[in-house]
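# Chain and residue survey
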Amino acid sequence: MTEPPSAPHIMSDDDGMAAALEEAARAAAAGEVPVGAVVVRDGLIIGRGANRPITTHDPTAHAEIVALRDAALALQNYRLTGTTLYVTVEPCLMCVGALVHARVARVVFGAPEPKAGALVSTQRAHEAPWLNHQLVAQGGVREDECRALMQAFFRERRQKPAGLPGPSPPEDERAGPVVYLSTPR
């Protein structure tokens, strides 16, 4: 949900990341992986997002996507030129693609994501020469705080006995084992 025009200005990257950390705390409280994001234009937060793929049953409901959707609604435009997205964890490939399509100017992230991060950790997807928009990426803003939030969440999740309320998502008993099919060559 966007803030009213009288909201305090985001004066620095530290301020922007503080707002993203608030969203990450909301995600954690809902039992989601604690990732939060905000979109800022001209010093004002125009979009907010907390991770929510589990609660919405939507694999695309990453914090970045939720924040982009919120900002696009606030501006009544899917192009978010001149904006900065602050996110607590390095975005994945899906989110980087959405950031490019939205024409976000700059992405500032807290902690790198060594397994799926698509800005610096596994690839530099935003720098592909065939893209029609280039964005600037910067990592490491309040990195220790962002990393600690993720580590605490997963530490608690590993220690919690199965079946008790808390951050563990419900398992889908209908899913069964993963079966890999060979494809004809």
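Below, the structure is looked at part by part. Just so it is clear, the model here is predicted, and its values are computed rather than measured. (Residues numbered from 1 in each chain as written. Predicted model: local features only at pLDDT ≥ 70, side-chain atom pairs only at ≥ 80, totals over all residues. Heavy atoms only, no water.)

### As for helix 1 (residues 13-29)
Applicable threshold: Every helix listed is a DSSP run of H or I at least four residues long, and every strand listed is a run of E at least two residues long, numbered separately from the N terminus. Here the expected length of a helix is defined as 1.5 Å per residue gap, with one fewer gap than residues. When accessible area is computed with a 1.4 Å probe and restricted to protein chains, residues below 20% of their type maximum are described as buried, those above 50% as exposed, and intermediate ones as partly exposed. We call two residues contacting when some pair of their heavy atoms lies within 4.5 Å.
Over its 17 residues, helix 1 extends 24 Å from the first C-alpha to the last, a length consistent with the 24 Å expected when each residue adds 1.5 Å. Of all the residues in helix 1, the buried ones are Asp-13, Gly-16, Met-17, Ala-19, Ala-20, Leu-21, Glu-23, Ala-24 and Ala-27. Where helix 1 is buried, its residues meet strand 1 (36-41), strand 2 (44-50), strand 3 (84-89), strand 4 (106-111), strand 5 (136-138) and helix 5 (143-159). At the C-terminal side of helix 1, Gly-31 shows a positive phi close to 85 degrees.

### Notes on the packing of helix 3 (residues 63-75) against helix 4 (residues 93-101)
Each pair of packed helices can be described by the angle between their axes along with the distance between the axes. Rules: Orientation is described by axes fitted as lines to C-alpha atoms, over the contacting stretch for helices, and by angles from 0 to 180 degrees between their N-to-C directions. What sets the label is the angle itself: under 35 degrees gives roughly parallel, over 145 gives roughly antiparallel, 65 to 115 gives roughly perpendicular, and the rest give oblique. Two helices cross in a left-handed way if the nearer one is turned anticlockwise from the farther one by less than a right angle. They cross in a right-handed way if the turn is clockwise. All amino acids are sorted into three groups, where Ala, Val, Leu, Ile, Met, Phe, Trp, Tyr, Cys and Pro are nonpolar, Asp, Glu, Lys and Arg are charged, and the leftover types, Gly among them, are polar.
At a minimum axis distance of 9 Å, the contact between helix 3 and helix 4 shows a crossing angle of 20 degrees. Classified by the interaxial angle, the pair formed by helix 3 and helix 4 is roughly parallel. In the packing of helix 3 onto helix 4, the handedness of the crossing is left-handed. Along its contact with helix 3, which presents Glu-64, Ile-65 and Leu-68, the element helix 4 presents Met-94, Cys-95, Ala-98 and Leu-99. Broken down by class, the residue content of the contact of helix 3 with helix 4 amounts to six nonpolar, no polar and one charged.

### Considerations on the packing of aromatic side chains
The test is simple: Each Phe, Tyr or Trp ring, with Trp reduced to its six-membered ring, pairs with another whose centre is within 6.5 Å; inter-plane angles below 30 degrees give stacked pairs, above 60 give edge-to-face pairs, and intermediate values give tilted ones.
Within this structure, the stated rule accounts for one aromatic pair. Each ring, one from Phe-153 and one from Phe-154, has its centre 5.1 Å from the other, and the planes form 90 degrees; the classification is edge-to-face.

### So, the pattern of salt bridges
The condition is simple: For salt bridges, the criterion is a side-chain nitrogen of Lys or Arg within 4 Å of an Asp or Glu carboxyl oxygen.
Across all of its chains, the model carries nine salt bridges by this definition. Residue Arg-124 is joined to Glu-127 by a salt bridge in which the shortest nitrogen-to-oxygen separation is 2.9 Å. Under the relative-accessibility criterion, Arg-124 is labelled partly exposed at 45%. Arg-142 is the salt-bridge partner of Glu-145, the closest N and O atoms lying 2.8 Å from each other.

Geometric descriptors of this kind do not, in isolation, establish any biological role.
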